[in-house]
Amino acid sequence: LRTNLVRAALRRPGAVALAGPVGDTLSRFRDDVYAAEDALDWRDEIVMNGIIALIAFSVLIWVDPVIALATVLPVIAITALARVASERLGRLRAESRKATSEVTGAIGDLVAGVTTLQSAGATGRALAHFRNLGQRRKRAALLDVVIGRVVDALGGNLVAIGTSAIMLLAASRLQDGAMSI
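Positions within a chain are numbered from 1, following the residues in the order the chain's sequence is written. In keeping with the predicted nature of the model, local features appear solely for residues at pLDDT of at least 70, side-chain atom pairs appear and are counted solely at 80 or more, and the whole-chain, interface and lining totals rest on all residues. Here the side-chain values reflect all heavy atoms present in the structure, with hydrogen atoms and water set aside.

Participant: I keep staring at a negative patch on the surface and nothing clicks. Help me out?
Facilitator: Residues Glu37, Asp38, Asp41, Asp44 and Glu45 make up a contiguous surface patch of negative charge. Under the DSSP-based scheme used, a helix requires at least four consecutive residues in state H or I and a strand at least two consecutive residues in state E, with every element numbered from the N terminus. Among the secondary structure elements, Asp41 is positioned in helix α2 (residues 22–63). For patch building, the residue pool is restricted to those with more than 30% relative accessible area and no salt bridge; the joining distance is 9 Å between like charges and 5 Å between nonpolar side chains (Val, Leu, Ile, Met, Phe, Trp, Tyr). A 1.4 Å probe and the Shrake-Rupley method give the accessible areas. Residues count as covered only by the protein chains that appear here. One speaks of a salt bridge when a side-chain nitrogen belonging to Lys or Arg is within 4 Å of a carboxyl oxygen belonging to Asp or Glu. Only four residue types enter the charge count, namely Lys and Arg as positive and Asp and Glu as negative; His and the chain termini do not. Here the site of a charge means NZ on Lys, CZ on Arg, CG on Asp, or CD on Glu.

Structure (structure tokens):
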């Protein structure tokens, strides 16, 4: 996909520039390829995992409906958490991409206009602006990573807690004779 994007850009006549700032274009060439692959990869995994989950849930209901219900409740909680978090993470990732695009564009502008900046005595202001863009990008990227890790940790811990609760419930039902191996 990235090769096709570059080839299409190189086929354009030399006088026709790409739409948007250079930094935005570079960010799109780098990040959008991963996003497209993730979107396609995610869909087939969801379908297959959904089919497997339905089969497993059907067997579990047949074995013990109480444990089946105890299995579904944590899954519903994790799904609700993931839905809320994915919306927030989507906004954070968009902000991070925008900030990265601004930094990359500023690098291109600074390199292209270095002589003009030097002759106008504006290198200090240009560097201060670049540092400000870098700080905004750093904050956006850190927030994106931290929130992503917190959501991953919460999801993982909810799975562990749910699994533990199911095992304790199954053990007590085995001990009471309400269920057998």
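Participant: Is there a simple way to think about the side chain of Asp144 in this case?
Facilitator: Positionally, Asp144 belongs in helix α5 (residues 123–176). Excluding residues within four positions of it along the chain, Asp144 makes contact with Leu89, Leu92, Arg93 and Ser96. Contacts are assigned to residue pairs that have any heavy atoms within 4.5 Å of one another.

Participant: When you look at the packing of helix α3 (residues 65–112) against α5 in this model, what are you seeing that I'm missing?
Facilitator: For any two helices packed against each other, one specifies the crossing angle of their axes together with the interaxial distance. Running from amino to carboxyl end, α3 crosses α5 at an angle of 170°, the nearest separation of the two axes being 9 Å. The angle between α3 and α5 falls in the class roughly antiparallel. All axes are obtained by fitting lines to C-alpha atoms, using only the stretch in contact for helices, and the reported angles, taken between N-to-C directions, cover 0 to 180 degrees. Should an angle lie under 35 degrees it is considered roughly parallel, over 145 roughly antiparallel, and from 65 to 115 roughly perpendicular; all remaining angles are considered oblique.

Participant: Would you mind going over α5 with me for this structure?
Facilitator: An α-helical turn contains 3.6 residues, so a residue and the one three or four places further along point in the same direction. Expected span of a helix: the number of residues minus one, times 1.5 Å. The end-to-end C-alpha distance of α5, which contains 54 residues, comes to 79 Å, matching closely the 80 Å that a straight helix rising 1.5 Å per residue would cover. Burial classification: accessible surface area is computed with a 1.4 Å probe over protein chains only, and a residue below 20% of its type maximum counts as buried, one above 50% as exposed, and the rest as partly exposed. Restricting attention to buried positions, one finds in α5 the residues Ala126, Leu133, Ala140, Asp144, Gly148, Val151, Gly155, Gly162, Ile166 and Ala170. Against the buried residues of α5 lie α3 and α4 (114–120). The positive-phi residue at the C-terminal boundary of α5 is Gly177, with phi of around 85°.

Participant: What exactly am I supposed to notice about the environment of Ala126 here?
Facilitator: As for its position among the elements, Ala126 is in helix α5. In sequence terms Ala126 and Asp109 are 17 residues apart; their C-alpha atoms lie 9.9 Å from each other. Excluding its chain neighbours within four sequence positions, the residues that come into contact with Ala126 are Leu110 and Leu117.

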